[in-house]
Amino acid sequence: MPAPDVAALLIEMERSEPDYAEHARSAIEWLTGGEPLETITELNVCEFLWYTLPTKVGGDRPAVARALGRLLRRGGLERYAALCVAPVTSQILRAYARSGEDAGLAAYQAALDATGVLPPDVPELRWSSIMGPEELGAHGACSAALELAIVSGELDPGSSPDRERLTRHWLTAPRTELGGDNWLHRVQGERLNRWVLGRGTAWRDLAQPFEVRLHAPIPVPRGDHLQALRWLLRAGRRPGGIPLTPQGGLAPVVLDESRWSDAELAAVREAALEMGTLREEDAPRRLVTTPDGGRLLGAPDLLWETATATLLVATAGEHDFRVSAREVALMLLAEGRPADRESVTAVIGCEEWRHPEIEASLTELTRRLDALGLRREGALTSEGRSAALAALRGHALRPRRYVSMT
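Summarised in this report is the structure supplied together with it.

Cut-off values and rules
- Residues numbered from 1 in each chain as written.
- Predicted model: local features only at pLDDT ≥ 70, side-chain atom pairs only at ≥ 80, totals over all residues.
- Heavy atoms only, no water.
- Helix = DSSP H or I, 4+ residues; strand = E, 2+ residues; numbered from the N terminus.
- Buried < 20%, exposed > 50% of the residue type's maximum accessible area, 1.4 Å probe, protein only.
- Contact = heavy atoms within 4.5 Å.
- Areas by Shrake-Rupley, 256 points an atom, 1.4 Å probe, with all protein chains shown as cover.
- Disulfide = S-S within 2.5 Å.
- Pairing = 2+ DSSP bridges.
- Phe/Tyr/Trp six-rings, centres within 6.5 Å; stacked < 30°, edge-to-face > 60°.
- Lys NZ or Arg CZ within 6 Å of the ring centre and 35° of its normal.
- Core = buried A, V, L, I, M, F, W, Y, C linked by side-chain atoms within 4.5 Å.

Attention shifts here to the overall build of the protein. What the protein contains, in helices and strands, is 20 helices and five strands. Dimensions of the protein, computed from C-alpha atoms along their principal axes, come out at roughly 90 × 50 × 45 Å. Out of the 406 residues in the protein, the part that is buried amounts to 47%. A fraction of 63% describes how many contacts in the protein between residues 6 or more apart in sequence connect residues 24 or more apart. Of the roughly 20200 Å² that the protein leaves accessible, carbon and sulfur atoms contribute 52%.

Below, the structure is given as C-alpha cells:
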C-alpha cells in the first residue's frame, strides 16, 4: 500500500484542524526535508523532537510537537505520533526552556540512548560527530535495522552487546543496494578521501598514493618486533614490578639485566605509560604493568595496533598542527624520502615562526620510532614502514574532527 502523500495530509489538516496545520507544515519540512513520509525513522523523529525543535525552531514548541503528532497519526505512523506527545518529549522541551541548552542536550542524549535505536560504537568503527554522506547513510541504515529488531521483539533496547552485534553485522554484511559492498568500506573510503583532499595541494599530492595503500588493514609484520616494549611489560608483571630509583629512573638492577641502554628503556617506558600499559606507583616507587598491558602481552596483533597508534597520538597540550607534521613525516619516511624540517614545511606551507614546532614534532616522532625499535641508521626498518602505514591508516580513519591547519 503506497504511503500517504504529505501534501494531501496537510490539505486535510487545513480543512479539519486549521489551528494545527501551519505548525505541522513547518515540522514536517524540518523532519523530512521534502522526502517521502515512509523514509523517516524513529531516530529522525527523536532527533527532531529532542534536538532540532528546541534548538532551531522558534515559536510554541510543544504546540509544534503536538501538531506533528496529529499529522503522523493521519499518515498511519502511530508509534512516531506517540513520541510527539510522550512525557519524555515534554520533559526534554521543559529542560531546554527552564535550564538551558546544556541541560536540554543532556536530557536529549539520555533519552536517545534509552530508545536503543542509536547505533553504538563498535571496534571496527567509532561514529563521527560530523558525518559525511556515506557515514550518514550507514548510521541511518544501522539505526533502522536496530529499530526493526526492537519492534519485532528480536532485540532488547537495553542490551548493549546485542545492539553492538547487530550494528557490526549491518556494517560489514554485503548490501545489494551498495552493489555488493558494505557500509564499513563506504565509510572508510569516505574518510580516507577526505583525509587526502582536506589540506591543500601539496598535502594532496603527497597523500594521494596512500589512499589506495591504506584502504585495506595493514598486516602485522611477522617476526619478533617491539622487543623492548614487551620485555618491559613482562618485567612489570613480576612481584614488586620494576624498581625505580628515588629520582624516578630505572634501578641499576633492571638496567643490568636488559640489553637496552638507559636512554632506550626510558623512551620505551614513556611510550608504555602513554599507551596505558604501565603505571607508576609509590611506596616503594616502581612501575607495574596494568591489566591492559597484561592483556596486550597476550594479544600480539592488538599490542602492535596500540603501539603503532602512539606515533600519531597528541601529547598533553599538543596542537593538531604538530600531529599533522608527524603525519607528513611518516608519509615521507614510508616512501624512503627525507623527513627533515624543510621537506615537511614544503608540504604544510606554514609561516616561519612555526618552524620550531615542526622541529619539536619531528624530534618527538624520532623518539617514538626509536622507542619502538622501528628505525635504524636514520631510516625506517621494514617493521617501521608497516608501523608508519598502520599509524597513518588509523589516524585517517578516526572519527572526523575538522580543524584548521593554522
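This part is about the side chain of Thr308. With respect to the element layout, Thr308 can be found in helix α16 (residues 300-309). Judged by relative accessible area, which is 3%, Thr308 ranks as buried.

What follows covers the state of the cysteines. One pass over the structure, following the stated rule, counts zero disulfides. Not part of a disulfide, Cys46 finds its nearest cysteine sulfur in Cys84, a span of 9.3 Å. Cysteine Cys142 is unpaired, with the sulfur of Cys46 as its nearest cysteine sulfur at 17 Å. Accessibility expressed as a relative area gives 1% for Cys142, which makes it buried.

Moving on: the sheet that holds strand β3 (residues 286-289). Pairing is antiparallel across the open sheet formed by three strands, whose spatial order is β1-β3-β2. The open sheet has two free edges, formed respectively by β1 (242-243) and β2 (278-281), since each of these has just one partner strand. One ladder, built from four bridges, connects β2 with β3; its direction is antiparallel. Bridge assignment links Glu281 to a residue of β3, and that residue is Arg286.

In the sheet, β1 pairs with β3 via two bridges, with the strands oriented antiparallel. Within the sheet, the bridge partner assigned to Pro243 lies in β3 and is Arg286. Counting the residues that bridge the hairpin from β2 to β3 gives four residues, and of these Ala283 lies at a positive phi of roughly 50°.

Attention shifts here to the packing of aromatic side chains. In total, this model carries three aromatic pairs according to the counting rule given. Plain terms: the ring middles of Trp231 and Trp260 are 6.1 Å apart, the flat faces sit at 55° to each other, and that makes the pair tilted. A residue pair is termed long-range when its members are at least 10 positions apart, and Trp231 in helix α12 (residues 227-235) and Trp260 in the loop between α13 (252-257) and α14 (262-275) qualify at 29 residues. For the pair Trp231 and Trp260, a shared accessibility class is recorded, and that class is buried. The aromatic ring of Tyr20 is capped on one face by Arg70, whose charged end is 4.2 Å from the ring centroid. Directly above the ring of Phe321 sits Arg354, whose terminal nitrogen or CZ lies 3.9 Å from the centroid.

By size, the foremost hydrophobic cluster in this structure holds 66 residues, and its most contacted members are Trp195, Leu229, Leu311 and Val344. At ten residues, helix α17 (residues 320-334) tops the list of elements feeding residues into this core. Not counting residues within four places of it along the chain, the set of residues in contact with Leu229 comprises Val268, Ala272, Met275, Leu303, Ala307 and Leu372. Among the nonpolar cores identified, the runner-up in size contains 37 residues, and Ala27, Phe48, Leu83 and Cys84 belong to it.

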